[in-house]
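Summary of structural features
Spelled out from the first residue to the last, the chains are:
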Amino acid sequence: MTDVQARAQLTPLLSNETLARVERLRLRPNRRLTNRARGEHSVGTGGATIDFADYRDYVAGDDIRYVDWNIFARLQRPYLKLYAHEEELHVVIILDASSSMASEGKFERVRQLAAAFSTMALLGTEQVSLFATTGTGERPTTLQSCSGRSATRLVFEFLESVSPGGDSTIDTAIASALRVHRGRGIAIVLSDFLTTGDVSRSFNLLNSAGLELFALQLLGPNEIEPDLTGDVRLVDCETGRTLDVSSARDLLDLYHEHRLAQQTWLSSQCRRRNGRFESVSSDNTLESILFETLLRRGWVR
Amino acid sequence: MNWLGFSAIANAWWLLLLVPLLVFYFLKLKRPRVEISSLVLWQSVVNDQRVNSPFQKFRRNILLWLQMAVLILLILAAMQPFVPGAAEQADYQPILIDCSASMGATDPVTGRTRLEVAKERVFDLIDNLNPDQQISLIAVHSSADRLTEFTGNRRILHDALAAVRVRDVRSQLEDAFRLTQALAKTAPVESAVLFSDGNIPDKVRFALPFLVNYQQLPAAGPNAGITAFNARLTSSQDWDVFLRVESSADVSGQIVLLQDGQQTGEQPFVLGSGESQQIAFRVTSEISTKLEARLTTGNTQFDSLAADNVAWLDLPPARPLRVYAAPQLDSFRRALTATPGVDLFPKPKQPEQRSVPYDLVISDESADEELIAAVHFLVGVTPKDTESLVEPSSALTKFLDWDRTTPLLRHMQLRDVEIADAVQPVGGVDVRDFEEAGYSVVATGSNGPLILRKRSSSRLTFHTLFHTSRSTLEFRVAFPVLVANLVQLVRQEAAVGDVAGVQTGVLPAVDLNAGATYEITGPDDTLQTVLADETGQLRGVTANQVGRYRISGGDSEQRSIAANLLSSAESTLTPVSSIEFDEQTVAPADEFLTTNRPVWSIVTFLAFGLLLVEWWFFQRPRTRHPSQASAPKSV
C-alpha cells in the first residue's frame, strides 16, 4: 500500500472496500434485549414509529387516538392500530488481549473483527462499548459507550491503540467489563478461549446482565493443526509453564478430540443462554469470516 | 523342526542393547522447546488416562517399535542366520569331484557336460558356505589332486573349481580317499562328499574312516566308443587288428581304420544298449606303421563322449620273438620250439651271445640275470635280496593259491603239482617281508611263497623258488600253458607280435638317451619337460588327454606315442549302483545335497527397508484431521 493509499484509508484495520461492505451489515440478535431508550431496533408493537405493525381489540383504557376509524365504520367494532416499537441496543465488545492472542495474527484479526462489529453497531445507532483484557489484577482497557457514525473514529483509534500482552483470562475480563457496563444488548466476546478458568460463570453473568452472548473463537493454524513430532517441551507463552509431551504426533488425534470437545462445550454453553458460538482460523481472511461464515451463520444480516 | 540356525549365536548378546535403548527412550533428557499460545488443550491431552498409562504410551510409540525392530534385525543379521540344508554340514568338508573321461559326456538337451553340472552344484555349496565351515576340493581322476587346502575363502575355492577340467582317463578312487584320509589328520573330517557320474570302480580297496556322501549326477546321453585296440602279428608281415566297440544305447555306425593317414578299412557296427562288438581288420606291414581308428555314428544319433571315438595304435616292425632258454632247461626249450613266432637261443652248435638283447630269458642260473631282456624267468633262483628271508627245505610242498588274474598264471591248474626241494621262509618271515623287498607273491605253497614277481625300471622278472625239474609241473598240462602265457606276456611287454593301444594316464617308458632332457608336446599343445634317467628311459610322462604326444630333444629323432581312453567303464556310461569299500558299501544319496542357506542378507535388507519405512513415517505429508476435512477454515 502506498503512502497515498494509506492516507486515504480511514483505518488501517479495515480497507475502505471492506468498510463499505461492513457499513451495510447489521447485527442480528436472537432476542430483544434492548434498552427502553429509543433506538432503531424494532422490538415489537405498541411503539410510536410510523411503521404499522398489527391490529388488536380495543379494551377499556386504550388511547382512542389509535382506534382505526375506517375499520370501526365498516365493522362497527373498535380495533386499535399498533405501530412498531424501536429501542436502543447496547453492543459490548470484549477483546482478549492476552499474550496468547499475539501469535499467528490472532489479535490482528480480533481487532479487525471488533472494528467491523463496532461499525455495524454504530451505523445502526447502537451504543457500543469496548473492553480489552490486560494483566491480571489490572482494569481492562475500556472505550465507554458511544454511538453514532461520528464515534467510529473513536472506536478505530481505540482498537489501533490496543496491543496484546498480559495474562488476564477472558472470564476475568468479562467480569471486569460487567462491573462498569450498564445496558442490555449483545456481548461479543472475541478470544481464543484457551483459558483455564470457568467461562460458564462468565456467560451466566452476561446472560443475567441482559446481554446476548456472541462468542467468536479465533485459533491460529498451529492451534488447529499442531506441527509437532517426537518428544517436545511445550512452553506457555503467557505463564511460561512447561509441559513435556512424548511422541507428540501420536497424540494429535487426542489433541483434536480435546479441541473439538472444547468447542462443542463452548457452543453448548452459548446455546443454553440463547447465544451463538463460532470458531474460525486466524489465517482466514476478514472478508471470508464476515461475509461468508458469520453471514451464513446468521450473526449479521 | 529346526527351521533356522545361527552361525554366530554369540552375537545375540548384542540384544542387551535393547535395554539402553528403552532406558534412553524413557529418560530422554533433552527435548526441543516449542512455545505455544496455551497449554490448556495439551494439558488435558496429557492428563488423559489413555496417555498416562505407560503401556499405552509404549504402545503408541511407533518410533520406539521401529527402532527396536531395526536393532533386532541388525543383531539377527550379525548372528548370521541360515536355513539348514538337508545334509548335515561338517566344519571341515572335503569335496571329491570326479573329472575322469566320462564326466565329459554331454547331455543331448542342455549340451552341458556332467562335470559342468557337478561344478555348478559345488559352486552352490561354496556360495552357501557357513563362516565357520571350510572346504577342501579334490579332483578325482586316474589319481587324485588336492586343489585347495581346507579354506573358507570363496575366491580361492571358486578359482580352483573353475580350473577343473575333464581328463581323458579312467576313474581311480583309492588315491582320492587316501588323500582325504591324509587331510583328515590335519582337520576333523567327519564326512566327504563325492560328486561323480557313477562310472567309477564298484570296488575300492580302502577302509573308510569317515562317512561318504555319494552324489550321483544324472545320466548323460547315449554313447558309443572304442574300448579296446590291439594287434597281433600272424605272419612275417601280417597283423590282425582288433577293436572292441561298446555302446550305452541302441546305436549304429562305422569304424574307419587309417594306416599312416590312408584309409585301409571300414566296417559297420550295430549295437544294442550295453552291448559290445569286436571288429577285426587285416593290416600288412613289415616296417613300423601307425594305425588310427575312427568311430562315427549315424547322422541323427547323438554321441555324448568324443574322447573314445578315436584310437591310435603304433605297430612295430614285424619280427620273431627272441627267447634265450638255458640249454639245460630241455622242457622249456621243447615247449618253445613248438611255439610259432619264436626265435630260440642259443642255437645248437652256435656260440652263446650274451651281449645281444633278448625279449625273454629263461634260465636257472643267477648269472643269466645279467642278460639284456624285457622279461626274465628265473627257475629255482632265489633273488639275492631275499636270500636272508628263505632257507632250503627238503619237504614236499604244493601250490595252495595263485593269482589267476596275472597274465603268467592264467588258465592254469596247479593244485596237483608236487614240489620238492623248494626254499621256505625262515621263521617269522611272511609275505609282507617279500613285498617290502619289492617283490609280489603271485603263487603261494604250503610252506610259503613259490613264485615272485618284480617289476623294475626296465624289466619284468619272475623267480620260481623251486626248480621245475624237481617238481611234477613239467609233466602237467599247466606247463605248456605256462610257457604260452610267458610268450604272450613277453609279446606284450616287448611289443613284439602283440601290441595293445596305450591308455591315458602315464605314457609307457621310452628308451632314449640317458640324462637327456626331452620336451613332450601333448595333443592340446601342453608342454612337459622330462629328464631321461640314467638307463636312458623316459618315464612318468603324464598323458591326460587322448591324442598323440610328440617327444623331441636330446639330439635324437622325434618320436611320438598315442594315448587312448580305451576304457569300458568310461565309455559305456553305466553308473555303478553302489561303491563297495573294504568294510562298508556306499550307495548314491537319495536326495540332492542342499546346504545351509544364509539369510543374513535378507534380514539386512529387511532392516534397511524398515529404516526407509521409519523415514517415510516421520516425513510423510501430514494428513488433515477428519474434523477438518469438511470445513478446513471455519472450525
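Description of the structure in this document.

Scoring rules and cut-offs
- Residues numbered from 1 in each chain as written.
- Chains lettered and ligands numbered in written order.
- Predicted model: local features only at pLDDT ≥ 70, side-chain atom pairs only at ≥ 80, totals over all residues.
- Heavy atoms only, no water.
- Helix = DSSP H or I, 4+ residues; strand = E, 2+ residues; numbered from the N terminus.
- Buried < 20%, exposed > 50% of the residue type's maximum accessible area, 1.4 Å probe, protein only.
- Contact = heavy atoms within 4.5 Å.
- Areas by Shrake-Rupley, 256 points an atom, 1.4 Å probe, with all protein chains shown as cover.
- Salt bridge = Lys/Arg side-chain N within 4 Å of Asp/Glu carboxyl O.
- Polar contact = N/O pair within 3.5 Å; in protein donor to acceptor, adjacent residues only side chain to side chain.
- Phe/Tyr/Trp six-rings, centres within 6.5 Å; stacked < 30°, edge-to-face > 60°.
- Lys NZ or Arg CZ within 6 Å of the ring centre and 35° of its normal.
- Axes fitted to C-alpha atoms, helices over the stretch in contact; angles between N-to-C directions.
- Parallel < 35°, antiparallel > 145°, perpendicular 65-115°, else oblique.
- Left-handed = near helix turned anticlockwise from the far one by under 90°.
- Patch = residues over 30% accessible without salt bridge, like charges linked within 9 Å, V, L, I, M, F, W, Y side chains within 5 Å.
- Nonpolar A, V, L, I, M, F, W, Y, C, P; charged D, E, K, R; others polar.
- Core = buried A, V, L, I, M, F, W, Y, C linked by side-chain atoms within 4.5 Å.
- Pairing = 2+ DSSP bridges.
- 1 Å grid on protein atoms, 1.4 Å probe; cavity = no way out; pocket = protein on both sides within 12 Å on 5 of 7 lines; lining within 4 Å.
- Points joined across faces, edges and corners; volume = space filled by probe spheres on them.

**Side note on the overall build of chain A**
When helices and strands are counted, chain A shows 10 helices and 11 strands. For chain A, the residues scored as buried account for 54% of the 301 residues in total. Across chain A, contacts joining residues at least 24 apart in sequence account for 75% of those joining residues at least 6 apart. Carbon together with sulfur atoms contributes 47% to the accessible area of chain A, which is approximately 13,500 Å² in total.

**A word on the overall build of chain B**
The number of helices and strands found in chain B is 14 helices and 38 strands. The proportion of buried residues among the 635 residues of chain B is 47%. Expressed as a percentage of contacts within chain B between residues at least 6 apart in sequence, the contacts between residues at least 24 apart total 69%. Put simply, chain B shows about 31,200 Å² of open surface, and 53% of that area lies on carbon and sulfur atoms.

**Looking at the interface of chain A and chain B**
Opposite the 50 residues of chain A that make contact, chain B presents 35 residues. At the junction of chain A and chain B, the tally comes to 0 salt bridges. Our count for the contact surface shared by chain A and chain B stands at 13 residue pairs in polar contact (both at pLDDT 80 or more). For the side of chain A that touches chain B, the secondary structure elements donating two or more residues are α8 (221–224), β9 (232–236), β10 (242–245), α9 (248–272) and β11 (276–281) of chain A. It is α9(A) that provides the largest number of residues to the side of chain A that touches chain B, a total of 15 residues.

**Examining the packing of aromatic side chains**
For the coordinates displayed, the defined rule picks out 15 aromatic pairs over all chains. Their ring planes at 75° and their centres at 6.3 Å tell us that A:Phe193 and A:Phe203 sit as a pair that is edge-to-face. Of the two residues, A:Phe193 sits in the loop between β7 (185–191) and α7 (199–208) while A:Phe203 sits in helix α7, which places them 10 residues apart along the sequence. Relative accessible area serves as the criterion here: at 1%, A:Phe203 is assigned to the buried category. For A:Arg21, the ring lying beneath its charged end belongs to A:Phe291, and the centroid distance is 3.8 Å. Between the NZ or CZ atom of B:Arg404 and the centre of the ring of B:Trp402, over which it lies, the distance is 4.0 Å.

**Some remarks on the packing of helix α2 (residues 16–23) of chain A against helix α4 (residues 106–123) of chain A**
Residue and element names in this part refer to chain A. For the pair α2 and α4, the least separation of the axes is 9 Å and the interaxial angle reads 45°. By the angle between their axes, α2 is oblique relative to α4. Handedness of the α2/α4 crossing: right-handed. In contact with Leu19, Val22 and Glu23 of α2, α4 contributes Ala116, Thr119, Met120 and Leu123.

**What to know about the pattern of salt bridges**
All names here are of chain A. Across all of its chains, the model carries 27 salt bridges over all chains by this definition. Put simply, aspartate 62 and arginine 56 hold a salt bridge, and the shortest N to O gap is 2.8 Å. Accessibility expressed as a relative area gives 16% for aspartate 62, which makes it buried. On the basis of relative accessibility, which here comes to 34%, the residue arginine 56 falls in the partly exposed class. Linked through salt bridges whose partners overlap, the residues forming this network are Lys106, Asp192 and Glu223.

**Focus on the environment of B:Gln545**
All names here are of chain B. Position of glutamine 545 among the secondary structure elements: in the loop between β33 (542–543) and β34 (547–552). For glutamine 545, a relative accessible area of 24% corresponds to the partly exposed category. Linking glutamine 545 and asparagine 564, residues 19 residues apart in sequence, is a C-alpha distance of 8.1 Å. Those residues in contact with glutamine 545, other than ones at most four positions away along the chain, are Val166, Arg167, Asp168, Thr504, Pro523, Asp524 and Ala563.

**Side note on a nonpolar patch on the surface**
On the surface, a cluster of nonpolar side chains totalling about 580 Å² of accessible area is made up of B:Trp13, B:Leu16, B:Val19, B:Val23 and B:Phe24. For B:Leu16, a relative accessible area of 51% corresponds to the exposed category.

**Thoughts on the packing of α9(A) against helix α2 (residues 40–47) of chain B**
It is the contact of α9(A) with α2(B), at a shortest axis distance of 9 Å, that shows an interaxial angle of 115°. Viewed along their axes, α9(A) and α2(B) adopt a mutual orientation that is roughly perpendicular. As for the relative orientation of α9(A) and α2(B), their crossing is right-handed in sense. Within the contact between the two elements, α9(A) uses A:Ala248, A:Leu251, A:Leu252, A:Leu254, A:Tyr255, A:His258, A:Arg259 and A:Gln262 and α2(B) uses B:Leu41, B:Trp42, B:Ser44 and B:Val45. Partitioned by chemical class, the residues of the contact of α9(A) with α2(B) number 8 nonpolar, 3 polar and 1 charged.

**A closer look at the environment of B:Ala500**
Residue and element names in this part refer to chain B. Locating alanine 500 in the fold gives a position in strand β27 (residues 498–500). Put simply, alanine 500 and asparagine 230 are 270 residues apart on the chain and 4.1 Å apart in space, counted from C-alpha to C-alpha. When residues no more than four places from it in sequence are discounted, the contact partners of alanine 500 are Phe229, Asn230 and Leu313.

**Digging into the nonpolar core**
Core analysis: the largest hydrophobic core is formed by 47 residues, its most contacted members being A:Ile93, A:Phe117 and A:Leu130. With 10 residues, α4(A) is the largest single contributor of residues to this core. With near-sequence residues (within four places) excluded, A:Leu130 lies in contact with A:Ile93, A:Leu95, A:Ala114, A:Ser118, A:Thr141, A:Thr142, A:Leu143, A:Val155, A:Phe158 and A:Leu159. In this structure, B:Val323, B:Ala422, B:Phe462 and B:Ala478 belong to the second largest nonpolar core, which totals 42 residues.

**Re unusual backbone geometry**
For the bond from B:Phe345 to B:Pro346, the omega torsion is -10°, close enough to zero to count as cis. Mapped onto the elements of the fold, B:Pro346 is located in the loop between β17 (342–345) and β18 (358–363). Even without being glycine, A:Asn274 reaches a positive phi, approximately 60°. Within the fold, A:Asn274 resides in the loop between α9 and β11. A:Asn274 sits in the partly exposed class, given a relative accessible area of 38%. Phi at B:Leu566 is positive, roughly 45°, even though this residue is not glycine.

**So, the sheet that holds strand β4 (residues 92–98) of chain B**
All names here are of chain B. One open sheet holds the 5 strands; their spatial order is β6-β5-β4-β7-β8, and the pairing between them is mixed. Of all the strands in the sheet, just β6 (144–146) and β8 (211–216) have a single pairing partner and so form its edges. Across this sheet, the average inter-strand angle for adjacent strands is 25°, counted without regard to direction. The pairing of strand β5 (residues 134–140) with β6 spans 3 bridges and is antiparallel. Looking at β6, one finds that alanine 139 is bridged to aspartate 145.

**Quick word on the sheet that holds strand β30 (residues 517–521) of chain B**
All names here are of chain B. Reading across from one edge, β31-β30-β34-β35 is the order of the 4 strands in this open sheet, with antiparallel pairing throughout. In this open sheet, the two strands that pair with only one neighbour each are β31 (527–531) and β35 (559–563). Averaged over all adjacent pairs, the angle separating strand axes in this sheet is 25°, with direction ignored. When β30 meets β34, the two strands line up antiparallel, connected through 3 bridges. Residue pairing across strands places threonine 521 opposite arginine 550, the latter belonging to β34.

**A word on the pairing of strand β9 (residues 224–233) of chain B**
Residue and element names in this part refer to chain B. Within β9, 8 of the 10 residues are buried, which leaves it mostly tucked inside the rest of the structure. Two strands pair when backbone bridges link them, and β9 and strand β10 (residues 238–247) are joined in this way by 9 bridges, in the antiparallel orientation. Counted as the bridge partner of alanine 231 is valine 241 from β10. The hairpin formed by β9 and β10 contains 4 residues between the paired strands.

**Some words on the layout of surface pockets**
Each pocket or cavity is described by its volume, and for the second largest pocket that value is around 400 Å³. A:Leu194, A:Thr195, A:Thr196, B:Ser38 and B:Val40 are the residues nearest the centre of the second largest pocket, which is lined by 25 residues in total. Residue assignment for the lining of the second largest pocket shows that the elements contributing at least two residues are α9 of chain A together with α2 of chain B. The dominant element in the lining of the second largest pocket, judged by the number of residues it contributes, is α2(B), at 4 residues. Class assignment for the residues of the lining of the second largest pocket results in 6 nonpolar, 13 polar and 6 charged.

From the geometry alone we can't say anything about function, so treat these as descriptive.
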